[in-house]
Structures are given as C-alpha cells and as structure tokens.
Amino acid sequence: MKNLINEEILRQVEDYISKYFLDVEALRKRGVKLSYSNEYEDDIRTSEKIIRKLKDIIGMTGNFFSDYLWKLIDEKNMTDVEVYKKAHLDRRIFSKIRNEKNYMPSKRTILAIAIALELDYKETTSLLHRAGYHLGIDKKDDVIIGFFIKNKIYDLFLINEVLDHFGFKPLGD
C-alpha cells in the first residue's frame, strides 16, 4: 500500500488531537478527580437497550440503527454493494446488518459505513448513538476519526494509514 500520509495532514491531526483529546489517564495520574465514569456510559447503553426492547414489544418501531442506516443509504442514492465495497466490509457482515433484526455491528464497522456514506459529523454521531456507541473525546482514535469527518475527508485508506501511524486498528475488514 502506498503511503498516503503527508506531513501537513499529520500536523493537522496532531493539532486537532491536542485541542480535542481528553487524556483521562494522564489527568488521573496527576490526581485530578473526574466525575465521568464508564459505569455511567454502561448505564446509558443499558437504558437504550431496554427502551429499544420495550418499543419492539409494543410494536412502536423496528431496529433504530438499521432503520436509520437504510434511510441514509437511500438518501445518498447508494446501493448496498456500493456501501460495503467502499467501506471495505465483507458482504456477509453487511448481509447480517440487513437481514438479522437484532444484529448490531461493531463501532468500527459503523464508522467504516459512515465514511463510505460520507456522513457529516451529526449524521455519524446519530448513527452511532442508535447502535449504543459514541465518539469519545477520551479515545484518541475517536478524535482522529472525528477530525476526518469534520473536515469531510472520506478517504478510508488515508484514515486507516493515519490510524496505523498512531497505533490504532483500521476501519473496515
């Protein structure tokens, strides 16, 4: 794979990280007490799952995530094949998302789809929330991905090279 990273992109990403990344571990080591906790995040996810389940039981709606995803795909005038190829996803994963009502893809898969659909930041966060995920300011890889989405840079190869440069797993398969 050819190197797509140039020094200017790396400088911009590093500036963005220094501005938006909250290094929770470094703060804790310095004795700063934070009211944020992963327990709160787990409570939110559990509450969202309960609400989804109750709405399913009373017939209010289907899967919030997949319904919204299919709406976005239609709005972008793309086919399933275009999306999963552009997201570098296996067809079988996309088929599971399409056909298995309770299947929930990983956050990285959803982010690859968001990049493939060229979703803006608001659309991306909405799609993630519907699956019980979010882009965290305390997760450096999330901040990096947020940089690309906010700057409307949807080149998955470039994004993955930058993620690799900082020691993170790529998006897609």
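Residues numbered from 1 in each chain as written. Predicted model: local features only at pLDDT ≥ 70, side-chain atom pairs only at ≥ 80, totals over all residues. Heavy atoms only, no water.

Asks: What is the right way to look at the packing of helix α4 (residues 64–75) against helix α8 (residues 121–130) in this model?
Replies: What describes two packed helices is the angle between their axes and the distance between those same axes. Running from amino to carboxyl end, α4 crosses α8 at an angle of 150°, the nearest separation of the two axes being 8 Å. The pairing of α4 with α8 is recorded here as roughly antiparallel in orientation. Of α8, the residues touching α4 (which contributes Phe-64, Phe-65, Tyr-68, Leu-69 and Leu-72) are Glu-123, Ser-126, Leu-127 and Arg-130. (Axes fitted to C-alpha atoms, helices over the stretch in contact; angles between N-to-C directions. Helix = DSSP H or I, 4+ residues; strand = E, 2+ residues; numbered from the N terminus. Parallel < 35°, antiparallel > 145°, perpendicular 65-115°, else oblique. Contact = heavy atoms within 4.5 Å.)

Asks: I would appreciate a short explanation of the confidence of the model for the protein chain in the present structure.
Replies: Parts of the prediction with low pLDDT should not have their coordinates interpreted in detail. Put simply, the protein chain has an average pLDDT of 85, and 81% of its residues get 70 or more. Mean pLDDT per element in the protein chain: helix α3 (residues 38–57) is the minimum at 60, and helix α9 (residues 140–150) is the maximum at 97. (pLDDT = per-residue confidence, 0-100.)

Asks: Before we go on, may I ask you to explain the packing of aromatic side chains in this structure?
Replies: The description of an aromatic ring pair rests on the distance of the ring centres and on the angle between the ring planes. For the structure on display, the rule yields 5 aromatic pairs. For the ring pair Tyr-16 and Tyr-20, a centre distance of 4.5 Å and an interplane angle of 40° mean the geometry is tilted. Taken together, the residues Tyr-16 and Tyr-20, both in helix α1 (residues 7–20) and 4 residues apart, mark about one turn of the helix. Since its relative accessible area comes to 13%, Tyr-16 is described here as buried. Here the aromatic rings of Trp-70 and Phe-94 are separated by 5.8 Å at their centres, their planes lie at 70°, and the arrangement is edge-to-face. Of this pair, Trp-70 sits in helix α4 while Phe-94 sits in helix α6 (residues 91–99), and the two are 24 residues apart along the sequence. With respect to class, Trp-70 is no different from Phe-94; both count as buried. Following the ring pairs from residue to residue traces out a cluster consisting of Tyr-16, Tyr-20, Phe-147 and Phe-148. (Phe/Tyr/Trp six-rings, centres within 6.5 Å; stacked < 30°, edge-to-face > 60°. Buried < 20%, exposed > 50% of the residue type's maximum accessible area, 1.4 Å probe, protein only.)

Asks: Can you walk me through the pattern of salt bridges in this structure?
Replies: If charged atoms from side chains of opposite charge come close, those side chains can pair. Using the criterion set out here, one finds 9 salt bridges in the structure. Between Asp-15 and Arg-11 there is a salt bridge whose closest N-O contact spans 2.7 Å. Of this pair, Asp-15 and Arg-11 both sit in helix α1, separated by 4 residues, roughly a single helical turn. One salt-bridge network, held together by shared partners, links Glu-8, Arg-11 and Asp-15. (Salt bridge = Lys/Arg side-chain N within 4 Å of Asp/Glu carboxyl O.)

Asks: Would you take a moment to explain unusual backbone geometry for this structure?
Replies: Positive phi values are uncommon outside glycine, yet His-88 reaches one of about 55°. In this fold, His-88 is placed in the loop between α5 (80–86) and α6. Positive phi, normally seen in glycine, also occurs at Lys-152, with a value near 55°. If you trace the backbone, Lys-152 turns up in the loop between α9 and α10 (156–165). Looking at Lys-152, the relative accessible area reads 56%, which means it is exposed.

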